[in-house]
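# Structural description and commentary
Residue strings, one per chain:
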Amino acid sequence: MWNWLGRNADKVQAVGAIATALAALVALIVIPLQISSADLIQRDQTAREIYREFLNLTVQKPELAAGHYCAMTDENQRVAYEAYVDYLFYTAEQMIESDPAWKGPMTAYFEDHLEFICSRENKGRYTHSVAEIAAALQSQCAKIQSCPAE
């Protein structure tokens, strides 16, 4: 066996170099795919945790989920409600970026809050993920009566 290795050392080295290059090429292709897949799984898990927290908040504060912004007279309640709707937009953004199929279910949440969304000043601050939802909501604002002057 040692004689065969001695006679074919150059060929064995060439095969070894080719195998090493092939392994490096496979690693260059597979490792980024694994990293991308792990990142996608992590983003999906994070989005679901945010959604779960949103549902928790909704259960703990049903008065915020009801969406009667104009009827709120307490300033603290209004601030809490505005934060709730901002968190709803954030939740929608995360869920839609995780899976575009969430666009419909998240849009349904916003319909309960049209009164506030239509009266909101800075309407152009929505992210790309929820911009279409925001635009669709804005088209419904003509049907919504604005809050009476305070």
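As a starting point, this report considers the structure included with it. These numbers come from a predicted model, not from an experiment.

When helices and strands are counted, the protein shows seven helices and zero strands. Reading the protein from its N terminus to its C terminus gives the helix and strand order α-α-α-α-α-α-α. Since a compact globule built from 150 residues should have a radius of gyration of about 15 Å, the 28 Å found for the protein marks it as more spread out than a globular shape. Along the first, second and third principal axes, the C-alpha atoms of the protein reach 100 × 30 × 20 Å. The buried share of the protein, taken over its 150 residues, is 27%. Considering only contacts in the protein between residues 6 or more positions apart, those separated by 24 or more positions represent 64%. For the protein, the centre of its 12 positive side-chain charges and the centre of its 19 negative side-chain charges are spaced 10 Å apart.

A few words now on the pattern of salt bridges. In total, this model carries three salt bridges according to the counting rule given. Between Arg43 and Asp39 there is a salt bridge, and its shortest N-O distance comes to 3.3 Å. A residue pair is termed a helical-turn pair when its members lie 3 or 4 positions apart in one helix, as Arg43 and Asp39 do in helix α2 (residues 9-60) at four residues. Given a relative accessible area of 40%, Asp39 falls into the partly exposed group.

Once that is clear, we can look at helix α7 (residues 128-139). Taking 1.5 Å of rise per residue, the twelve residues of α7 would be expected to cover 16 Å, and the 17 Å separating its terminal C-alpha atoms lies within 8% of that figure. For α7, the set of buried residues is Ser129, Val130, Ile133, Ala134 and Leu137. The arc that holds every buried residue of α7, seen down its axis, measures 105 degrees, which confines them to one face. Turned more than 90 degrees from where α7 packs its buried face, His128, Glu132 and Ser139 sit exposed.

Glancing now at the state of the cysteines. A full pass over the atoms with the stated rule returns one disulfide. Residue Cys118 pairs covalently with Cys141 via a disulfide, S to S 1.9 Å. Across the S-S bond linking Cys118 and Cys141, the dihedral sits near -90 degrees, which makes this disulfide left-handed. Separated by 23 residues along the polypeptide, Cys118 in helix α6 (residues 114-119) and Cys141 in the segment after α7 bring together distant segments of the chain. Of the two residues, Cys118 and Cys141, both sit in the buried class.

One finds Tyr81, Val85, Phe89, Met106, Phe110 and Ile117 to be the most contacted residues of the largest nonpolar core, which totals 28 residues. Those elements that provide at least two residues to this core are α2, α3 (62-65), α4 (75-98), α5 (103-111), α6 and α7. Among the elements that take part in this core, α4 stands out by supplying eight residues, more than any other. Ignoring sequence-local partners within four residues, the contact set of Phe89 consists of Phe110, Ile117, Arg120, Tyr126 and Val130.

Cut-offs used in this document
- Residues numbered from 1 in each chain as written.
- Predicted model: local features only at pLDDT ≥ 70, side-chain atom pairs only at ≥ 80, totals over all residues.
- Heavy atoms only, no water.
- Helix = DSSP H or I, 4+ residues; strand = E, 2+ residues; numbered from the N terminus.
- Rg over C-alpha atoms; globule rule 2.2 N^0.38 Å.
- Buried < 20%, exposed > 50% of the residue type's maximum accessible area, 1.4 Å probe, protein only.
- Contact = heavy atoms within 4.5 Å.
- Lys, Arg positive; Asp, Glu negative; His and termini not counted.
- Charge placed at Lys NZ, Arg CZ, Asp CG, Glu CD.
- Salt bridge = Lys/Arg side-chain N within 4 Å of Asp/Glu carboxyl O.
- Expected span 1.5 Å × (residues − 1).
- Arc of directions from axis to C-beta.
- Disulfide = S-S within 2.5 Å.
- Core = buried A, V, L, I, M, F, W, Y, C linked by side-chain atoms within 4.5 Å.

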